[in-house]
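# Descriptive structure summary
Below are the chains, spelled out letter by letter.
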Amino acid sequence: MKRRDFVNTALATAGLTPYLGSTASLENQPMVPAVVTPAAGYSLKILATNWGYRGSVNELCAAVKKEGYDGLELWWNNDADARKAMFSALKKHDLELGFLCGGGQTDFATHLDSFKKSIDGATSQTEIKPLYINCHSGRDFFTYEQNKAFIDYTTQASERSGIPIYHETHRSRMLFAAHIARNFIEQNPALRLTLDISHWCNVHESLLENQPENVALALSRTGHIHARVGHAEGPQVNDPRAPEWKAAVDAHLGWWDAVVAEKKKNGQPLTILTEFGPPNYLPTVPYTNQPVADQWAINAYMMRMLRERYV
């Protein structure tokens, strides 16, 4: 199936239509969602990342608020003083919060223990109730049963705390590939995803044209989106505004449109993180290590574009 046909099929299934314009062809125009009146309960909140930011947490929060974001997605921090500074800055600038939790250990038991402590901390603190918790869950080389332990623990923690907990489709983690994620989704009804589908483009070296069923299943379980555009040879295009990346941008918009359409139909809230990263995610000029584009400006562009698109 050609990419254009796949995107059109996905859009039609979600009740969306491609925008053709008066005389231009589909290949030269962006896909835009059909106008849909959201059911009561739908809301959109777009968060910023601290990834690559070099200033203080207070300076970051001031910049994020000025730019027009709703909040920040930040790693749970085990250091009490760091958490105090974080919560103080978020409250000062009236920003909402999404947490990141995960572990990096190679040993399964040590990794799971570290993960549980982060989840426990993020769900039990009372300073700011997070909109959600996003998990870098397990490892790609853990067994199915080992990785399932992360899902089981967060399912219980979410039920206990009332905080949505999502597992990210991320390279090196348990949901590193579309066909692997399908198995987890089919066997774990409570599993909900953070969709960072840019990783899968890289893993499968494609825009996923050859596995629409796996993608559709993931879209149906998505609660949170990481809005970065990947391509067949990497997890991040150098600048989504550049015309040479139109095919990749359109594919990602098609996937995100389908998620948003479902949230609007069902009257459910949606959170999005704009997550274009710094070097080495962002390509650099040889010998100078100077980035070829402005990370902050790209993420701000994505935030404004998505807010207008999904209002």
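Conventions adopted
- Residues numbered from 1 in each chain as written.
- Predicted model: local features only at pLDDT ≥ 70, side-chain atom pairs only at ≥ 80, totals over all residues.
- Heavy atoms only, no water.
- Pairing = 2+ DSSP bridges.
- Helix = DSSP H or I, 4+ residues; strand = E, 2+ residues; numbered from the N terminus.
- Axes fitted to C-alpha atoms, helices over the stretch in contact; angles between N-to-C directions.
- Parallel < 35°, antiparallel > 145°, perpendicular 65-115°, else oblique.
- Left-handed = near helix turned anticlockwise from the far one by under 90°.
- Contact = heavy atoms within 4.5 Å.
- Nonpolar A, V, L, I, M, F, W, Y, C, P; charged D, E, K, R; others polar.
- Core = buried A, V, L, I, M, F, W, Y, C linked by side-chain atoms within 4.5 Å.
- Buried < 20%, exposed > 50% of the residue type's maximum accessible area, 1.4 Å probe, protein only.
- Salt bridge = Lys/Arg side-chain N within 4 Å of Asp/Glu carboxyl O.
- Expected span 1.5 Å × (residues − 1).
- Polar contact = N/O pair within 3.5 Å; in protein donor to acceptor, adjacent residues only side chain to side chain.

### Considerations on the sheet that holds strand 1 (residues 43–49)
Read around the closed barrel, eight strands run 1-2-3-4-5-6-7-8, paired in parallel fashion. Averaged over neighbouring strand pairs, the angle between their axes works out to 30 degrees when direction is ignored. Judged from the five bridges that link them, strand 2 (residues 71–75) and strand 3 (residues 96–102) form a sheet pairing that is parallel. Directly across from Trp75, in strand 3, lies its bridge partner Leu100.

### Concerning the packing of helix 6 (residues 178–187) against helix 8 (residues 212–220)
Close contact between helix 6 and helix 8 brings their axes to 9 Å; oriented N to C, the two are set at 50 degrees. Compared by their axis directions, helix 6 and helix 8 come out oblique. Crossing handedness for the pair helix 6 and helix 8: left-handed. From helix 6, Ala178, His179, Arg182, Ile185 and Glu186 reach across to helix 8, where they touch Glu213, Asn214, Leu217 and Ala218. Residues belonging to the contact of helix 6 with helix 8 are distributed by class as follows: four nonpolar, two polar and three charged.

### Some remarks on the nonpolar core
With 76 residues, the main nonpolar core has Leu90, Ile119, Ile133, Trp256, Ile272, Leu306 and Tyr310 as its most contacted residues. Among the elements that make up this core, the one with the highest residue count is helix 9 (residues 246–266) (nine residues). Discounting residues that sit within four places of it in the chain, Leu90 has contacts with Cys61, Leu72, Leu74, Leu95, Glu96, Leu97 and Ile128.

### A look at the pattern of salt bridges
Under the criterion given, the structure shown has 13 salt bridges. With its nearest N and O atoms 3.9 Å apart, the salt bridge here joins Lys65 to Asp94. Of the two residues, Lys65 is situated in helix 2 (residues 57–67) and Asp94 in the loop between helix 3 (80–92) and strand 3; the sequence distance between them amounts to 29 residues. Assessed through its relative accessible area of 38%, Lys65 is described here as partly exposed. Given the relative accessible area of 58%, Asp94 is considered exposed.

### So, the environment of Phe150
For Phe150, the position within the fold is in helix 5 (residues 144–161). Sequence separation of Phe150 and Leu112 is 38 residues, and the distance between their C-alpha atoms is 7.1 Å. Apart from the residues lying within four places of it in its own chain, the contact partners of Phe150 are Phe108, His111, Leu112, Phe115, Ser137, Gly138, Phe142 and His167.

### With respect to helix 10 (residues 295–309)
Because each turn of an α-helix spans 3.6 residues, side chains separated by three or four positions in sequence point in the same direction. In this model, helix 10 (15 residues) spans 21 Å end to end at C-alpha, consistent with the 21 Å of a helix rising 1.5 Å per residue. Along helix 10, the positions that sit buried rather than exposed are Gln295, Ile298, Asn299, Ala300, Met302, Met303, Met305, Leu306 and Arg309. Looking at the buried positions of helix 10, the neighbouring elements they touch are strand 1, helix 2, strand 7 (222–227), helix 9 and strand 8 (269–274). Measuring from the side-chain oxygen of the N-cap residue of helix 10 to the backbone nitrogen of Trp296 gives 3.0 Å; that N-cap residue is Asp294.

### Some details on the packing of helix 9 against helix 10
Between helix 9 and helix 10, the least distance of the axes is 12 Å, while the angle of their chain directions is 45 degrees. Considered as vectors, helix 9 and helix 10 are oriented oblique to each other. Our pair here, helix 9 against helix 10, has a crossing hand that is right-handed. Listed contacts from helix 10 to Leu253, Trp256 and Asp257 of helix 9 are Met302, Met305, Leu306 and Arg309. Split into classes, the residues belonging to the contact of helix 9 with helix 10 amount to five nonpolar, no polar and two charged.

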